[in-house]
Amino acid sequence: MSKGVILLAAGGTGGHLFPAEALAHELIDRGWKVHLATDHRAERYSRHFPAADTHTIPSATLGSKNPVAMLSAFWKIWQGVREASRVIAKIKPEAVVGFGGYPTLPPLYAATRRRVPTLIHEQNAVMGRANKALAGRVDAIAGGFLPEGESAASAKTVTTGNPVRPQVLEAAKTPYVASNEGEPFRLLVFGGSQGAQFFSDAVPAAIALLPEDQRKRLVITQQARAEDVARVKEVYADLSVDVQVSPFFTDMAARIGAAHLVMSRSGASTVSEISVIGRPALLVPYPHALDHDQAANAAALAAAGGAELHPQSTLSAERIAELVGGLIKDPNRLATMAAAARSAGKPNAARLLADLTEAIASGKTVSDYRRTRP
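Before going into details, it helps to say that this report is about the structure given with it. Since the structure is predicted, the reported quantities are computational estimates derived from the model, not experimental observations. (Residues numbered from 1 in each chain as written. Predicted model: local features only at pLDDT ≥ 70, side-chain atom pairs only at ≥ 80, totals over all residues. Heavy atoms only, no water.)

## A closer look at the overall build of the protein chain
Thought 1: In terms of regular secondary structure, the protein chain is built from 16 helices and 13 strands.
Thought 2: Scaling as 2.2 N^0.38, a compact globule of 374 residues should have a C-alpha radius of gyration of about 21 Å, and the protein chain matches this with 21 Å.
Thought 3: Viewed in the frame of its principal axes, the protein chain has a C-alpha envelope of about 65 × 50 × 35 Å.
Thought 4: The buried share of the protein chain, reckoned over its 374 residues, is 55%.
Thought 5: Of the accessible surface of the protein chain, which amounts to about 16200 Å², a share of 52% is contributed by carbon and sulfur atoms.
Thought 6: In the protein chain, 41 positive and 34 negative side-chain charges are present, and the distance between their average locations comes to 8 Å. (Helix = DSSP H or I, 4+ residues; strand = E, 2+ residues; numbered from the N terminus. Rg over C-alpha atoms; globule rule 2.2 N^0.38 Å. Buried < 20%, exposed > 50% of the residue type's maximum accessible area, 1.4 Å probe, protein only. Areas by Shrake-Rupley, 256 points an atom, 1.4 Å probe, with all protein chains shown as cover. Lys, Arg positive; Asp, Glu negative; His and termini not counted. Charge placed at Lys NZ, Arg CZ, Asp CG, Glu CD.)

## Here's the deal with helix 4 (residues 105-113)
Thought 1: With respect to burial, helix 4 is a largely interior element, seven of its nine residues being buried.
Thought 2: Looking at the buried residues of helix 4, the elements they touch are strand 1 (5-9), strand 2 (33-38), helix 3 (67-91), strand 4 (95-98), strand 5 (118-122) and helix 5 (129-135).
Thought 3: Just downstream of helix 4 lies R115, where phi reads positive at about 60°. (Contact = heavy atoms within 4.5 Å.)

## Observations regarding the packing of helix 11 (residues 268-277) against helix 14 (residues 331-344)
Thought 1: As a packed pair, helix 11 and helix 14 sit with axes 6 Å apart at the nearest point and diverge in direction by 110°. In terms of axis orientation, helix 11 runs roughly perpendicular to helix 14. Between helix 11 and helix 14 the crossing geometry is left-handed. Together, I274, S275, V276 and I277 of helix 11 and A341, R342 and A344 of helix 14 make up the contact between the two elements. (Axes fitted to C-alpha atoms, helices over the stretch in contact; angles between N-to-C directions. Parallel < 35°, antiparallel > 145°, perpendicular 65-115°, else oblique. Left-handed = near helix turned anticlockwise from the far one by under 90°.)

## Section: the sheet that holds strand 11 (residues 261-264)
Thought 1: One open sheet accounts for six strands, arranged 10-9-8-11-12-13; its pairing is parallel. Of all strands in the sheet, those bounded by a partner on one side alone are strand 10 (242-246) and strand 13 (307-309). Averaged over neighbouring strand pairs, the angle between their axes works out to 15° when direction is ignored.
Thought 2: In this structure, strand 9 (residues 218-223) lies alongside strand 10, joined through five bridges in parallel fashion. If you follow Q223 over to strand 10, its bridge partner there is S246.
Thought 3: In the packing of helix 12 (residues 293-303) onto the sheet, the strands contacted are strand 12 (281-283) and strand 13, and the crossing angle to strand 13 comes to about 140°. (Pairing = 2+ DSSP bridges.)

## Quick look at a nonpolar patch on the surface
Thought 1: Where nonpolar side chains cluster on the molecular surface, the patch consists of L62, M70 and F74 and spans about 250 Å² of accessible area.
Thought 2: Secondary-structure assignment places L62 in the loop between strand 3 (53-56) and helix 3.
Thought 3: The exposure class assigned to L62 is partly exposed, which follows from its relative accessible area of 32%. (Patch = residues over 30% accessible without salt bridge, like charges linked within 9 Å, V, L, I, M, F, W, Y side chains within 5 Å. Salt bridge = Lys/Arg side-chain N within 4 Å of Asp/Glu carboxyl O.)

## A look at the nonpolar core
Thought 1: Counting 35 residues, the largest nonpolar core has I207, L218, Y236, M263 and I320 as its most contacted members.
Thought 2: Mapped onto this core, the elements with two or more residues apiece are strand 8 (185-190), helix 7 (196-208), strand 9, helix 9 (229-239), strand 11, helix 13 (317-328) and helix 14.
Thought 3: The leading source of residues in this core is helix 13, at seven residues.
Thought 4: Each residue touching M263, except ones within four places of it in the same chain, is listed here: L188, V189, F190, F199, V203, L282, V284, L315 and I320. (Core = buried A, V, L, I, M, F, W, Y, C linked by side-chain atoms within 4.5 Å.)

## Things to note about the sheet that holds strand 1
Thought 1: As summarised here, the arrangement of the seven strands in space is 3-2-1-4-5-6-7, forming an open sheet in which the pairing is parallel. One side of each edge strand has no neighbouring strand; the edge strands of this open sheet are strand 3 and strand 7 (157-159). Averaged over all adjacent pairs, the angle separating strand axes in this sheet is 25°, with direction ignored.
Thought 2: In the packing of helix 15 (residues 349-361) onto the sheet, the strands contacted are strand 1, strand 4, strand 5, strand 6 (140-143) and strand 7, and the crossing angle to strand 5 comes to about 160°.

Treat this as a map of the structure, not an account of what it does.
In structure tokens form, the structure reads like this:
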């Protein structure tokens, strides 16, 4: 028998949906029915989402200073609030949990107006704009990297870590085994929904500068924008490098688990998955992130010794070749980084977040939860 309904709200990108998916699996295992509120972008990710139903809610980004654009955005968000209110009235959730992104504004705002218990989860080390807008209204804030006692709403912040999907926990079962001289070296390069173009330009050029004996060992998996796939493949083909290039990989967790080295952006989900699986990484924060959240996320894992942080502005093809080539020659350092990354991971984050969700759904405050948590 179902305990009731929990409505999860997330922006339609992998960074927002993957943690929501992890919580959904945990809540379903505990007997809850889960619904998802998101936007149209979620279609490529949400087919694996274990929701009883998915509700597409209108929303808009409040980024323009143009008065007409702002009015249009507010009108669309208000339409979203009305649609979210209709959904909430119909499914009667015990709690609504938001995972960031502007598409979470209408469902969470509607829930607070209807006095439904609410919780937001902030994946990053710096709170995003949508979550900042909601922080004063919700009952609790869960932080992936946010420490308790240091956020603007510290009285209701609980550090849970970032939930990772079951595929990530499965990949984490495979221990890191360094690649020694003469053995294949698996390099994984990805940039998320934003920022992959830099890697498409820089990494193939860097690989071309490596000594031939290192290039022969490389087995590369690289994410690239659809319009860049053909040219990236062509460069690697000219180098006779074993490579797979695609705009999207459905088995990214397994590919992280198979990698000897990861080079990627440093969104919260990416950093969390790399650390739980325990793989060494060269992290390149997306330089145009509004709140520089990726730099803060990367700094957290670098401080633990599990990654190196390299600003994009410092990375010429020559520098990337130097970094990758140096690590290929140093399997002991890679193994040390892998162990440090794993020690920083929080594989039980989904359980902790589910505990907090159930507490809020039952009417407890964050203070109540803190007194009784394990």
